[in-house]
Amino acid sequence: MVSPDPAEVAAPEPGCRLLQRRFTARLLPQLRLLVEECAAREGLCEPRRGEFVLAVDEIAGNAVEHGGGSGRLVLRRVGEELECRISDAGPGFSEDVIPELLPGLDGAPKGRGLWLARLVADRFAVAVGAPGTGMTGAVVTVTVRLR
């Protein structure tokens, strides 16, 4: 397991933090299991839980592939929602790069993971830089309702 870096501790966020981890490609399988366990414990039922875990996995995989080889995940419960925020140290991007149609149908060779994550989320957002840190990189937030 990867323990949180004390330098990562920021101002308290609203909601109940369930999981906070730095990750690399090697830790992605473990991260999927941890997210699955937390989502089940919070009452997210199948098939919605599987969709959420898949969306988180796709975003985390993109952070590793395009965002410098690692990322940071924060999973929290906010009211009746699960919110997962994944940040990386890459060049960042905007939501405009995610195709509207299923990638491949519109000629785009990539982008299926983010397209899928946006499709299954109740709320989905992309920002550049970690809020309040002055750092660059992407911050992708995917949120699903528990009920």
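That block above? That's the structure.
Residues numbered from 1 in each chain as written. Predicted model: local features only at pLDDT ≥ 70, side-chain atom pairs only at ≥ 80, totals over all residues. Heavy atoms only, no water.

1. Quick look at the sheet that holds strand S3 (residues 81–87)
- Reading across the sheet, the five strands line up as S1-S2-S3-S5-S4 and stay open at both edges, with antiparallel pairing between neighbours. The sheet is open, and its two edges are formed by strand S1 (16–24) and strand S4 (123–128), each paired on a single side. Sheet twist, expressed as the average angle between the axes of neighbouring strands with direction ignored, equals 15°. (Pairing = 2+ DSSP bridges. Helix = DSSP H or I, 4+ residues; strand = E, 2+ residues; numbered from the N terminus. Axes fitted to C-alpha atoms, helices over the stretch in contact; angles between N-to-C directions.)

2. Section: the environment of alanine 40
- Here alanine 40 shows up in helix H1 (residues 28–41).
- Residue alanine 40 is classed as partly exposed on the basis of its relative accessible area of 37%. (Buried < 20%, exposed > 50% of the residue type's maximum accessible area, 1.4 Å probe, protein only.)

3. What about the packing of helix H2 (residues 48–66) against helix H3 (residues 112–120)?
- It is at 9 Å that the axes of H2 and H3 come closest, and there the two elements cross at 145°. Along this stretch, H2 crosses H3, giving a crossing that reads as left-handed. The residues of H3 that touch H2, namely those facing Arg48, Glu51, Leu54, Ala55, Glu58, Ile59 and Asn62, are Gly113, Leu114, Leu116, Ala117 and Val120.
- For the contact of H2 with H3, the per-class residue count stands at seven nonpolar, two polar and three charged. (Left-handed = near helix turned anticlockwise from the far one by under 90°. Contact = heavy atoms within 4.5 Å. Nonpolar A, V, L, I, M, F, W, Y, C, P; charged D, E, K, R; others polar.)

4. Digging into the pattern of salt bridges
- For the coordinates displayed, the defined rule picks out 13 salt bridges.
- Between arginine 32 and aspartate 57 there is a salt bridge; the shortest N-O distance is 2.7 Å. Of the two residues, arginine 32 is situated in helix H1 and aspartate 57 in helix H2; the sequence distance between them amounts to 25 residues.
- Judged by its relative accessible area of 32%, arginine 32 falls in the partly exposed class.
- A relative accessible area of 19% places aspartate 57 in the buried class.
- One salt bridge in this structure joins arginine 123 and glutamate 81, with 2.6 Å as the shortest N-O distance. Note that arginine 123 is positioned in strand S4 and glutamate 81 in strand S3, a separation of 42 residues in sequence.
- Given a relative accessible area of 19%, glutamate 81 falls into the buried group. (Salt bridge = Lys/Arg side-chain N within 4 Å of Asp/Glu carboxyl O.)

5. Describing the pairing of S3
- Burial of S3 is extensive: six of the seven residues sit out of reach of the surface.
- In this structure, strand S2 (residues 70–78) lies alongside S3, joined through seven bridges in antiparallel fashion. Looking at the pairing, valine 74 lines up with arginine 85 of S3.
- Between the antiparallel neighbours S2 and S3 lie two residues, among them glycine 79 with a positive phi of about 60°.

6. Here we look at the nonpolar core
- Grouped together as the largest cluster of nonpolar side chains are 35 residues, with contacts concentrated most on Phe23, Phe52, Leu73, Ile86, Phe124 and Val142.
- Elements that contribute at least two residues to this core include exactly S1, H1, H2, S2, S3, H3, S4 and strand S5 (138–145).
- With eight residues, H2 is the largest single contributor of residues to this core.
- The residues contacting valine 142, other than those within four sequence positions of it, are Phe52, Ala55, Val56, Ile59, Leu82, Glu83, Cys84, Ala117, Ala121, Arg123 and Phe124. (Core = buried A, V, L, I, M, F, W, Y, C linked by side-chain atoms within 4.5 Å.)

7. As for the side chain of arginine 76
- Considering the arrangement of structural elements, one finds arginine 76 in strand S2.
- Among the polar contacts listed, one links the side chain of arginine 76 to the side chain of glutamate 83, at a separation of 2.6 Å. (Polar contact = N/O pair within 3.5 Å; in protein donor to acceptor, adjacent residues only side chain to side chain.)

8. Concerning unusual backbone geometry
- In the segment running from glutamate 46 into proline 47, the intervening peptide bond is cis, with an omega of 0°.
- Relative to the helices and strands, proline 47 resides in the loop between H1 and H2.

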